[in-house]
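# Structural features, examined
Chain by chain, the residues run as shown.
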Amino acid sequence: MSVIAHQVALIAQRSLVRTARQPGVWIPPLTFPLILMAVNSNGLKAATHLPGFPTNSFLAFFVPFSFMQGALFASAIAGTDLARDVDTGFLNRLALTPVRGAALLIGQVGGAVGLGTIQAVVYLAVALLAGVHIVAGIGGAVLILLLAILVATGFGTLGLWIALRTGSGEGVQSTFPLLFFLLLISSMNLPRNLIEVNWFRDLATINPVSYMIEAMRSLVISGWDTQALVLGFGFALALIGISLLLSARQLKVRMSRT
Amino acid sequence: MISVALGLAYRQLTVLFKNPSLFLPPMLFPLMNFMSFAGGLSRLRHVPGFDFHSGYTAFTFVFVLLQSAAFGGVFAGFGIARDFEYGFARRLLVSAPQRSGLILGYALSALTRWAMIAIVLTTVALIGGMQVGGNGIDLFGMYALAMIFNIVGLLWACGVAMRFRSIQSGPLMQTPVFLLLFLSPVYVPLSLLTGWIHGVARVNPLTFLLEAGRGFIDGHPTQLAAAFGVSAALVVFFAFWARTGLARAERAG
């Protein structure tokens, strides 16, 4: 194993163990999206009566929301953990070791990715048990899991950047509503062509979160839609890349300050 | 008791204004929800059986107003828990000649804070083209209901905060309120809900407030006796809850 891979493994292990040891950290992200899925999929069921609504199961339509909300929690967890490391001086001590910046970032997001994976499996299992039929079949289910993990990784990495930039857990927590706003102004509740308010439809159209949701949704309700998948995976990978880049730059700043 | 309440309310509001991080989230959450619901879901008014004359913006405004009221109370509960955690509440307990005034003081500050949120929310809704079918008396009724719900939220959170005396009790304050809110007819009228959520929403006390509030803004008041009766019962029950919480905090020292 190369040196950098070893460093990533060690930091990722620490991140995973730290997340696992705090039930208060992982229980809400696991349960809250499921509760909302149960409540909203019933509360908004009437929307399936709208002409042009793509499915007669609002639950199937709404499943991707859970993955996205779980990803936002991953962002908060990864960010808060790193902010605590900044706050307690752990990052300063790491700076004295030969650990590479890239290893630190990739390893640090390990807890969020681990939790994101468990979340994705649980959400999908619950959806299937609740009667959701995935039109794209088993391959589609695997792809949904993969995209959900990528999205969790992307938002987790974004959380790292916010933590490095603000250097405080409070700073990370206070940005959570802003990230949640991205979810709220997306196509999570209705397909974009059924959103009748122009400004909202425009915002949902330029919001990358809409495309991540629509990629997962396409696999559940319509099968293999190449365009939706390319856009969804593309934006998820772009989110990871941009967040990593920003985090790496911010890490240099943070390290040089110490 | 009044002087204790006013003194504490003044202190709470001063702390609030000096910390935007405490003031902004309760202000932004309802605005974000309102934008999301009114903007993203307005097509729901075309669902067969959706019968609300003032439009979807007004329909959803009432829910967001009540939500902001409840969470205004809950967020104030965070402040109470923080006061206990940092030891400030102990000094309050020692210095207050009439300790029930503490609950009243926290309630006054929560109410003032929510009033500001309600003003901003209403302004945004009106700018956004919200139609109001009700007259001044109807609107007074709607805001009165929301105000009572703010007090209920505060009394609930206050009881929790004084029992646990730690900010870690925050999720316990929020989660039941959140569930109560979303297990009501949030997006469509009660008659359009089906399945288990219809059964739950029918017995949810918030449903009465929500239906009455929507009746007020639409100019067709409905379920008034039930809504105000439920509100009064909630206030009495949670006042008892908060007062017994204070008694526990007193015993704990």
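The following paragraphs examine the structure supplied in this document. (Residues numbered from 1 in each chain as written. Chains lettered and ligands numbered in written order. Predicted model: local features only at pLDDT ≥ 70, side-chain atom pairs only at ≥ 80, totals over all residues. Heavy atoms only, no water.)

### Comments concerning the overall build of chain B
Rules: Think of it this way: any DSSP run of H or I at least four residues long counts as a helix, any run of E at least two long counts as a strand, and we number them from the N terminus. When we talk radius of gyration, it's over C-alpha atoms, and the globule rule is simply 2.2 Å times the number of residues to the 0.38. Each accessible area is a Shrake-Rupley estimate made with a 1.4 Å probe; only the visible protein chains count as cover when residues are assessed. Positive charges come from Lys and Arg alone, negative charges from Asp and Glu alone, with His and the N- and C-terminal ends not counted. To locate a charge, take atom NZ for lysine, CZ for arginine, CG for aspartate or CD for glutamate.
Each helix and strand in chain B was counted, giving 10 helices and 0 strands. Start at the N end of chain B and walk to the C end: the helices and strands fall as α-α-α-α-α-α-α-α-α-α. Taking 18 Å as the expected radius of gyration for a compact globule of 253 residues, we find that chain B reaches 19 Å, a close match to that expectation. By principal-axis analysis of the C-alpha atoms, chain B measures approximately 60 × 35 × 30 Å. Of the roughly 10400 Å² of accessible surface on chain B, 68% is carried by carbon and sulfur atoms. Seen as two clouds, the 16 positive and the 7 negative side-chain charges of chain B have centres 13 Å apart.

### Notes on the overall build of chain A
For clarity, the threshold we go by: Whether a residue is buried, partly exposed or exposed follows from its accessible area with a 1.4 Å probe, protein chains only, as a fraction of its type maximum: under 20%, in between, or over 50%, in that order. Any two residues whose heavy atoms approach within 4.5 Å are treated as being in contact.
Per the secondary structure count, chain A includes 11 helices and 0 strands. The C-alpha radius of gyration of chain A comes to 19 Å, within 12% of the 18 Å expected for a compact globule of 258 residues. Each of the 258 residues in chain A was classed as buried or not, and the buried ones make up 57%. Long-range pairs, those at least 24 residues apart, make up 79% of the contacts in chain A between residues at least 6 apart in sequence. Accessible surface computed for chain A: about 10800 Å², of which carbon and sulfur atoms make up 68%.

### Thoughts on unusual backbone geometry
All names here are of chain B. With a phi close to 55°, Arg 165 is a non-glycine residue in the positive phi region. Residue placement: Arg 165 occurs in the loop between α6 (136–164) and α7 (170–182). Residues other than glycine seldom take positive phi values, yet Gln 223 does so here, at roughly 55°.

### Brief notes about the pattern of salt bridges
Oppositely charged side chains can form a pair if their charged atoms are brought close together. All names here are of chain A. Quick reminder of the rule: One speaks of a salt bridge when a side-chain nitrogen belonging to Lys or Arg is within 4 Å of a carboxyl oxygen belonging to Asp or Glu.
Evaluated as defined, the whole model comprises 8 salt bridges over all chains. Ionic pairing is found between Asp 81 and Arg 84, a salt bridge with its closest N-O pair at 3.9 Å. Taken together, the positions of Asp 81 and Arg 84, both in helix α3 (residues 58–88) and 3 residues apart, correspond to about one turn of that helix. Take Asp 81: its relative accessible area is 5%, and that puts it in the buried class. Here Arg 192 ties to Glu 214 by a salt bridge, and the two come within 2.8 Å at their closest N and O atoms. Taken together, the positions of Arg 192 in the loop between α8 (169–184) and α9 (198–206) and Glu 214 in helix α10 (residues 208–221) put the pair 22 residues apart, joining distant regions of the chain. A cluster of three or more residues bridged by salt bridges with shared partners is formed by Arg 14, Arg 18, Asp 81, Arg 84 and Asp 85.

### Comments concerning the interface of chain B and chain A
Here is the rule we go by: Buried area: the sum, over both parts, of the accessible surface (1.4 Å probe) that disappears when the two are put together. Each polar contact in these results corresponds to two N or O atoms within 3.5 Å; when the atoms are within protein, one needs to be able to donate a hydrogen and the other to accept it, and residues that are neighboring in sequence are counted only if both atoms are side-chain atoms.
Between chain B and chain A, the residue contacts involve 27 residues of the former and 26 residues of the latter. Considering only the side of chain B, the residues that lose the most area to chain A are Met 32, Arg 43 and Tyr 187 of chain B, jointly responsible for 23% of the buried surface there. With its nearest N and O atoms 2.9 Å apart, the salt bridge here joins Arg 45 of chain B to Glu 196 of chain A. The interface formed by chain B and chain A holds 6 residue pairs in polar contact (both at pLDDT 80 or more) in total. When residues of the side of chain B that touches chain A are traced back to their parent elements, those giving at least two are α2 (20–40), α7 and α8 (196–203) of chain B. No other element matches the 8 residues that α2 of chain B contributes to the side of chain B that touches chain A.

### Looking at the nonpolar core
Selection rule: Buried residues of nine kinds, namely Ala, Val, Leu, Ile, Met, Phe, Trp, Tyr and Cys, make up a nonpolar core once their side-chain atoms join them within 4.5 Å.
With 175 residues, the main nonpolar core has Phe 155 of chain A together with Leu 44 of chain B as its most contacted residues. Looking at this core, the element that brings in the most residues is helix α3 (residues 56–85) of chain B, giving 19 residues. Other than its neighbours up to four places away in sequence, Phe 155 of chain A contacts Met 68, Ala 71, Leu 72, Ser 75, Val 209, Met 212 and Leu 239 of chain A.

### What to know about the packing of aromatic side chains
Counted only if it meets this: Ring pairs are drawn from Phe, Tyr and Trp, using the six-membered ring of Trp, whenever the two centres fall within 6.5 Å, and their geometry is named by plane angle: stacked under 30 degrees, edge-to-face over 60, tilted for the rest. The criterion is that NZ of a Lys, or CZ of an Arg, lies within 6 Å of the ring centre and within 35 degrees of the ring normal, and then a charge sits over that ring.
The final tally for this structure, using the stated rule, is 24 aromatic pairs over all chains. Aromatic side chains Phe 67 of chain A and Tyr 123 of chain A sit 5.8 Å apart centroid to centroid with 70° between the ring planes, which places their arrangement in the edge-to-face category. Here Tyr 123 of chain A lies in helix α6 (residues 110–129) and Phe 67 of chain A lies in helix α3, a separation of 56 residues in the sequence. Assessed through its relative accessible area of 4%, Phe 67 of chain A is described here as buried. Taking 5.7 Å as the distance between ring centres and 70° as the angle between the ring planes, the aromatic pair formed by Trp 199 of chain A and Phe 200 of chain A counts as edge-to-face. Judged by its relative accessible area of 1%, Phe 200 of chain A is buried. Taking the ring centre of Phe 88 of chain B as reference, the NZ or CZ of Arg 11 of chain B above it sits at 3.7 Å. Stacked on the ring of Phe 59 of chain B, the Lys or Arg Arg 214 of chain B has its end atom at 3.6 Å from the ring centre.

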